[in-house]
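Below are the chains, spelled out letter by letter.
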Amino acid sequence: AHLLHDHCVLDWREEIRRITNPALVIGGQKSIFSAQSQQWVAGQIPGAQVEIFEADQGGGHFMFWENADRFNGSVAAFLQSG
C-alpha cells in the first residue's frame, strides 16, 4: 500500500534521471500511461531502449499478458544485448 501511495503522489522525475543501469522501457498505445510518457522516461535514462506496443499488438497496460510472446521476446533480446 505504501508503494502504491508513493507511486501515485510523489514526483519521480528527478529520480528517473539518476538511473544509470541499462534500462528497457515498454509502453503501450492504449495504456493508461501514455506512450509519450514512456518515451520521455526512456529519454531521461542514458542509453535506455524504448518499445511501444501498438493497440492491435496488445498495447494496453499489461503487455506481458496481452502479448506475452512479443513482451518476453523484447525482454529476452534486451537481456542478451547487455
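Summary of the structure given here. Note that the structure is a prediction, hence the values are computed from the model and not measured. (Residues numbered from 1 in each chain as written. Predicted model: local features only at pLDDT ≥ 70, side-chain atom pairs only at ≥ 80, totals over all residues. Heavy atoms only, no water.)

**Points about the side chain of Ser31**
Checked against the element boundaries, Ser31 lands in the loop between β1 (24–28) and α3 (35–44). Classification of Ser31 as buried rests on a relative accessible area of 17%. In this structure the side chain of Ser31 is engaged in a polar contact, spanning 3.1 Å, whose partner is the backbone nitrogen of Phe33. A polar contact is formed between the side chain of Ser31 and the side chain of His61, at a distance of 3.4 Å. (Helix = DSSP H or I, 4+ residues; strand = E, 2+ residues; numbered from the N terminus. Buried < 20%, exposed > 50% of the residue type's maximum accessible area, 1.4 Å probe, protein only. Polar contact = N/O pair within 3.5 Å; in protein donor to acceptor, adjacent residues only side chain to side chain.)

**Side note on a nonpolar patch on the surface**
Nonpolar side chains collect at one region of the surface, where Val9, Leu10 and Trp12 lie side by side and expose about 280 Å² of accessible area between them. With respect to the helices and strands, Leu10 occurs in the loop between α1 (2–9) and α2 (13–16). Residue Leu10 is classed as partly exposed on the basis of its relative accessible area of 44%. (Patch = residues over 30% accessible without salt bridge, like charges linked within 9 Å, V, L, I, M, F, W, Y side chains within 5 Å. Areas by Shrake-Rupley, 256 points an atom, 1.4 Å probe, with all protein chains shown as cover. Salt bridge = Lys/Arg side-chain N within 4 Å of Asp/Glu carboxyl O.)

**Some words on the pairing of β1**
Summarising burial for β1: four of the five residues are buried, a large majority. Across five bridges, β1 lies against strand β2 (residues 49–53) in parallel orientation. Each residue of the ladder has a partner; that of Ile26, found in β2, is Glu51. What joins β1 to β2 is α3, and the crossover it makes is right-handed. (Pairing = 2+ DSSP bridges. Right-handed = clockwise from strand over helix to strand, strands pointing away.)

**Remarks on the packing of aromatic side chains**
By the definition in use, this model includes two aromatic pairs. Ring geometry for Phe62 against Phe64: centres 5.9 Å apart, planes inclined by 85°, an arrangement best described as edge-to-face. Phe62 gets classed as partly exposed once you look at its relative accessible area, which sits at 44%. Overall, the relative accessible area of 46% leaves Phe64 in the partly exposed class. What links up through ring pairs into an aromatic cluster is the set Phe62, Phe64 and Phe71. The lysine or arginine in question, Arg70, covers the ring of Phe53, its NZ or CZ lying 4.0 Å from the ring centre. (Phe/Tyr/Trp six-rings, centres within 6.5 Å; stacked < 30°, edge-to-face > 60°. Lys NZ or Arg CZ within 6 Å of the ring centre and 35° of its normal.)

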